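Geometric and topological summary
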Amino acid sequence: MARFNEAIPAPSVLIFDWHGTLVDTHDAMFSAMEEMLPQLEELGLVERLLPEDQCRTRDDARLVRYIRIFRRLHPRILAERRVSRTDIFNAIFGEDKEAKLIAHQAYNTAYRKYFGQVRPFQPGAYEYLSALKAMGIRLAVSTNRNREFLDKELKMVDEGRWQHLFDATVCADDVTEYKPDPQVILKALEKLELPADSRAWYVGDSYVDMLTAHKAGVSGVFYNGACWEQGRIDSWFTRRDAPTAILDSFEDLLNLLALLERQEPDAFTQTPAEVRPRPFPPPERPEPRIEPDWHPAVVRLIRPAVVLFDWHATLVDTLDAMYHAVDDMLPDFHKLDLMDRMVAPEDSKTLEDARLVSYVREFARLHPKVKADRKISRTDIFEVLFGENQEAKQIAHKAFNHHYRNHYGTVKAFEPRVRDVLEGLRKLDILVGVITNRDREFFEHELDAVEGTGWSHLFDVDVCGDDTPLRKPHPDQLLLAVQKLDYPPDPSVWYVGDSTTDVIAAKRAGMTSVFFNGAQWDLPWLNKIFPGTHKHPDKPDVVVNDFSEFWALVLACEVGPP
């Protein structure tokens, strides 16, 4: 529903943001972002990501955490397609202008491969813009897009009909700073010889756009083409920088101008009633992301007496070292005679598994998408490649360890509050342990190194990959852990892990399986990797997306072990 400040004056000029306001270039933008984000490490930007406690919102903190670990956009952002790269860079780099400049430059390099995919953001955009121009309102565009991209997209959108509509355009490379710096707006007003006051409206679809308008001293008009909920929009702004108006469509814009025309009859050369087109439908709300239905809010579990955790990609992030080691070891498959011991593609659980097997067999390296996604562990990779061939997997693990020695050492908590959760479990008199396929020489080093102080005092038991004859997904490691604790393997023992092998191990051990969805798989993918078929029967008892959900789940379990 449209809202506006009654003190807003009729506009002398409407300056529009480009992407997400006038046009939809999401396909090209997200393709470029997905190509650019894996480059963060080589660009020196991983260490310049904003600390989570300095992020503006909890959503921003989650985004920083996700990008730091996986080097790609959160699946919810990709599914909903509601935010721009400017919003993303401001969320993850804050006030670090140099980092944002490097990111924008890398984005532009990637965007050159994809741009040109442009269409009006909502039906009737050309007709509405033509009506505004007929009313005598000056029209302009101020965008973080580079000139080479805007000029070509302006020629392409609506078969070139928009080129005569705008009295001025200003791009990121026409000024020295990106939004939220106000230069792009002030430069447009300078070109039009108009003052920066409340009669200049900046129409944009994001928090950054409204902040830019506020800094420029003009009226910020929030175009809610992404159909954000009202409460969500309100949560972004303070009273000082709130938009002067919030509109859901260009029809709302014409309605607002018609209302202002009654108050200022001489504001326009023609009235809105004389020039407005037939009503066009507003933008449609993006399809919501489907969340897993193994949700903590609906499951009923026995309160845990013992909680065992996987190590890598659950408690800590060691993805960089792991993928470097896998890259190094795969060419060794030839001399280790492992190529002929891989499963036949037709025996794979999923089509994606079959493709991975075929790719490794042909190229002796990981498929680029696997490396870009950064979502599966070496244990999962070996399970996909070798299935039930225990001897082949043991050889592969040994080869991995040889190369991992060249890379391991850097280890970070997967989330900032992991230590707090571990300490909280101990205060509840819950026994806590770690089960990992990592060999002990690596695990003990990482355990002592995490957060600079080590976590060894937080665990009652740990079992490594070389402590038992068989590694996960076999249950031997989990059974050894509870044996050491002198506790029976039953559902009051929870095993928390991020992979299919963790779930299989927990179910085979007779324990409660908590799937830690740090990779943020959506429901269709979870149903694919946990099909519940006769051949692949094991499914988690519950899915948690982060440690806050896990902690809430523990506290919600009122019934203890029998």
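Below you will find a few notes about this structure. (Residues numbered from 1 in each chain as written. Predicted model: local features only at pLDDT ≥ 70, side-chain atom pairs only at ≥ 80, totals over all residues. Heavy atoms only, no water.)

Moving on to the packing of helix α1 (residues 26-36) against helix α4 (residues 85-93). Contact geometry for α1 and α4: axes closest at 11 Å, N-to-C directions at 35°. Packed against α1, whose contacting residues are M29, M33 and M36, the element α4 presents R85, I88 and F89 at the interface. Of the residues assigned to the contact of α1 with α4, the class counts are 5 nonpolar, no polar and 1 charged. (Axes fitted to C-alpha atoms, helices over the stretch in contact; angles between N-to-C directions. Helix = DSSP H or I, 4+ residues; strand = E, 2+ residues; numbered from the N terminus. Contact = heavy atoms within 4.5 Å. Nonpolar A, V, L, I, M, F, W, Y, C, P; charged D, E, K, R; others polar.)

All told, the structure shown has 32 aromatic pairs when counted by the stated rule. Centroid distance Y107 to Y111: 5.3 Å. Interplanar angle 20°. Geometry classified as stacked. Separated by 4 residues within a single helix, Y107 and Y111 lie in helix α5 (residues 97-111), roughly one turn from each other. Just as Y107 is buried, Y111 falls in that class too. Geometrically, the ring pair formed by W494 and F550 is edge-to-face, given 6.2 Å between the ring centres and 75° between the ring planes. Placement of W494 in strand β15 (residues 493-497) and of F550 in helix α23 (residues 547-556) is noted, with a sequence separation of 56 residues between them. Both residues of the pair, W494 and F550, belong to the buried class. A network of ring pairs unites the aromatic residues F16, F121, Y128, Y223, F250 and F280 as a single cluster. Residue placement shows R82 over the ring face of W228; its charged tip is 4.2 Å from the ring centre. Looking at R161, its charged tip hangs above the ring of Y126, at a distance of 4.0 Å from the centre. (Phe/Tyr/Trp six-rings, centres within 6.5 Å; stacked < 30°, edge-to-face > 60°. Buried < 20%, exposed > 50% of the residue type's maximum accessible area, 1.4 Å probe, protein only. Lys NZ or Arg CZ within 6 Å of the ring centre and 35° of its normal.)

Here we come to the pairing of strand β2 (residues 13-16). Looking down a regular strand, the side chains alternate between one sheet face and the other. With burial as the criterion, each face of β2 is covered, one bearing V13 and I15 and the other bearing L14 and F16. Here β2 runs beside strand β5 (residues 138-142); their pairing, made up of 4 bridges, is parallel. The residue of β5 that forms the bridge with I15 is A140. Relative to strand β7 (residues 200-204), β2 runs parallel, the two sharing 4 bridges. Along β7, the bridge assignment pairs V13 with A200. (Pairing = 2+ DSSP bridges.)

Right, let's get into the sheet that holds strand β9 (residues 245-247). On the basis of which strands lie adjacent, the open sheet formed by 7 strands has the order β1-β9-β8-β7-β2-β5-β6 and mixed pairing. The strands lining the two open edges of the sheet, one partner per strand, are β1 (3-4) and β6 (168-170).

Attention shifts here to the nonpolar core. F309, L315, W455, F459 and F550 are the most contacted members of the largest nonpolar core, which totals 77 residues. A per-element tally of this core places helix α13 (residues 319-329) first, with 7 residues. What F459 contacts, discounting residues up to four positions off in sequence, is W311, L315, L422, R426, V432, G433, V434 and L447. Ranked by size, the runner-up nonpolar core spans 44 residues in total, among them M36, L49, A110 and Y207. (Core = buried A, V, L, I, M, F, W, Y, C linked by side-chain atoms within 4.5 Å.)

Our focus in this paragraph is the side chain of D60. Relative to the elements of secondary structure, D60 occurs in helix α2 (residues 58-70). No salt bridge is formed by the buried D60; the nearest opposite charge belongs to R56, separated by 4.2 Å. Beyond its immediate stretch of four places on either side in the chain, D60 contacts C55 and A91. (Lys, Arg positive; Asp, Glu negative; His and termini not counted. Salt bridge = Lys/Arg side-chain N within 4 Å of Asp/Glu carboxyl O.)

Taking burial as the measure, the 5 residues of strand β16 (residues 512-516) include 5 buried ones, the bulk of the element. Relative to β16, β15 is paired through 4 bridges, and the arrangement is parallel. Looking at β16, one finds that Y495 is bridged to S513. Pairing geometry for β16 and strand β17 (residues 542-544), over 3 bridges, is parallel. Bridged to V514 within β17 is V542. What joins β16 to β17 is helix α22 (residues 523-529), and the crossover it makes is right-handed. (Right-handed = clockwise from strand over helix to strand, strands pointing away.)

What follows covers the sheet that holds strand β14 (residues 461-463). Sheet architecture is open: 6 strands sit in the order β14-β13-β10-β15-β16-β17, paired in parallel fashion. At either margin of the open sheet sits one strand with a lone partner, and together these are β14 and β17. On average, adjacent strands in this sheet sit at an angle of 20° to one another, irrespective of strand direction. Of the strands in this sheet, β15 and β16 touch helix α21 (residues 500-508), which is tilted by about 170° from β16.

Here we take up helix α7 (residues 147-156). Of all the residues in α7, the buried ones are R147, F149, L150, E153 and L154. Down the axis, α7 shows its buried residues gathered within 160° of arc, on one side only. Looking at the buried residues of α7, the elements they touch are α5, β5, β6 and α8 (183-192). Looking one or two places after α7, you find D158, whose phi comes out positive at around 50°. (Arc of directions from axis to C-beta.)

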